[in-house]
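Here are the chains, one letter per residue:
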Amino acid sequence: MKRIVTIQDISCVGKCSLTVALPVISACGVEASVIPTAVLSTHTAFNNFSFCDLTDEIEPVTEIWKKEKISFDAIYTGYLGSFRQIELMEKLFDDFRTEENIIFIDPVMGDHGKLYPGFSQEFADRMARLCSKADVIVPNLTEAAFMLREEYKEYGYTEEYVRDILKKLAALGCKNAVLTGVSFDEGKVGVMAYNKENDRFSAYYTEKINASFHGTGDVFSSACVGALMRGLSLEGALKTAANYTVESIKASMRDKDNNWYGVNFEEAIPYLLKELNSNR
Ligand code: PXL
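First things first, this report covers the structure right here in the doc. Since the model is a prediction, treat every value here as computed from it, not as a measurement.

Reading the values: rules and limits
Residues numbered from 1 in each chain as written. Predicted model: local features only at pLDDT ≥ 70, side-chain atom pairs only at ≥ 80, totals over all residues. Heavy atoms only, no water. Helix = DSSP H or I, 4+ residues; strand = E, 2+ residues; numbered from the N terminus. Buried < 20%, exposed > 50% of the residue type's maximum accessible area, 1.4 Å probe, protein only. Pairing = 2+ DSSP bridges. Right-handed = clockwise from strand over helix to strand, strands pointing away. 1 Å grid on protein atoms, 1.4 Å probe; cavity = no way out; pocket = protein on both sides within 12 Å on 5 of 7 lines; lining within 4 Å. Points joined across faces, edges and corners; volume = space filled by probe spheres on them. Nonpolar A, V, L, I, M, F, W, Y, C, P; charged D, E, K, R; others polar. Contact = heavy atoms within 4.5 Å. Axes fitted to C-alpha atoms, helices over the stretch in contact; angles between N-to-C directions.

**A look at unusual backbone geometry**
Phase 1: One non-glycine residue, S17, lies in the positive phi region at around 40 degrees.
Phase 2: Looking at where S17 falls in the secondary structure, it is placed in the loop between β1 (3–13) and α1 (18–27).
Phase 3: The buried category is assigned to S17, whose relative accessible area is 2%.
Phase 4: Its identity is not glycine, yet H112 carries a phi of approximately 50 degrees, on the positive side.
Phase 5: Along the chain, H112 falls in the loop between β6 (110–111) and β7 (114–115).
Phase 6: Judged by its relative accessible area of 45%, H112 falls in the partly exposed class.

Pasting the structure below:
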């Protein structure tokens, strides 16, 4: 069985980061190991939240793993809360990178043109440097714009604009740059990817639902890295993750009791399993 280590916070209520990554990776049939970077009462879209930083626990954990010769098939980072945590991720990549494994970075920092509370332009600059070490990065358009110090465009951009952003992301140093939330026309949204080694672009679009739920980026990334570990190509994994995210949004919209703070990824898990099989 493949093993992923994912490094991000635990938001105790809020259906994001580790409370999404753990069940989704497990559902993919892949072992999920974690380093919790912080414990929050709730994610930061709530009016109030507590925040307990766990940065000082990162090195003691990884030191034991080194002694125990524990290795990982993928290293997946999500929401990181400080400059120091980014620095520690660089060290962790250096310590745990092998010829075969992959480094997958979701540079979680914002959405819809705005950074989440606590993040700054300087943090995005630092995150861009971390991305240089990745095999795959999956920013949305907001995160990409901040990392590249480009103007953010919500609508009305062209395919040429997205290709240019992807090439600039790849120039940071990663092997594959993926942009999520790409939409050229009203009814469709999807992902575009660029592979630097073979200089090739790919894209996959699904129907666009006019509703926005928190945590969909984490659902997408967790399913994508899980699918890669099940042997899907990057294109197959992106398709699987995009379709699963849409199905989760649809499940939320069907569920009259759905919570505003998260997406119903749980009831869409059977669909994820079907997608994993049909996109290989
Ligand atoms: O879903 C991304 C995310 C992860 N972790 C925390 C967050 C957010 C988005 O707001 O606040 C703590």
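**Looking at the pairing of strand β5 (residues 102–105)**
Phase 1: Burial along β5 is two-sided: I102 and F104 facing one way and I103 and I105 facing the other are all buried.
Phase 2: As paired elements, strand β4 (residues 74–77) and β5 share four bridges and run parallel to each other. Bridge pairing in β5 places T77 opposite I105.
Phase 3: Read as a crossover between parallel neighbours, the route from β4 over helix α3 (residues 83–96) to β5 is right-handed.
Phase 4: Note that β5 and strand β8 (residues 136–137) share two bridges and pair parallel. Looking at the pairing, F104 lines up with V136 of β8.

**A few points about empty space enclosed by the protein**
Phase 1: Under the definition given, this model contains one cavity of 30 Å³ or more.
Phase 2: Put simply, the largest cavity is a space of about 50 Å³.
Phase 3: Around the largest cavity, the lining residues are I58, E59, T62, L88, K91, L92 and D95.
Phase 4: Going through the elements one at a time, α2 (55–67) and α3 are the ones with two or more residues in the lining of the largest cavity.
Phase 5: A per-element tally of the lining of the largest cavity places α3 first, with four residues.
Phase 6: Looking at the lining of the largest cavity residue by residue, the class counts come to three nonpolar, one polar and three charged.

**So, the sheet that holds strand β11 (residues 200–207)**
Phase 1: Strand order across the open sheet formed by nine strands is β3-β2-β1-β4-β5-β8-β9-β10-β11, with mixed pairing between neighbours. Where the open sheet ends on each side, the last strands, each with one partner, are β3 (51–53) and β11.
Phase 2: With four bridges connecting them, β1 and β4 associate as parallel partners. From the neighbouring strand, I7 faces β4, where its bridge partner is T77.
Phase 3: Strands β1, β2 (31–42) and β4 of the sheet are contacted by α1, whose axis makes an angle of about 135 degrees with β1.
Phase 4: Against the sheet, α2 makes contact with β1, β2 and β3, and its axis sits at roughly 165 degrees relative to β2, the strand it touches most.

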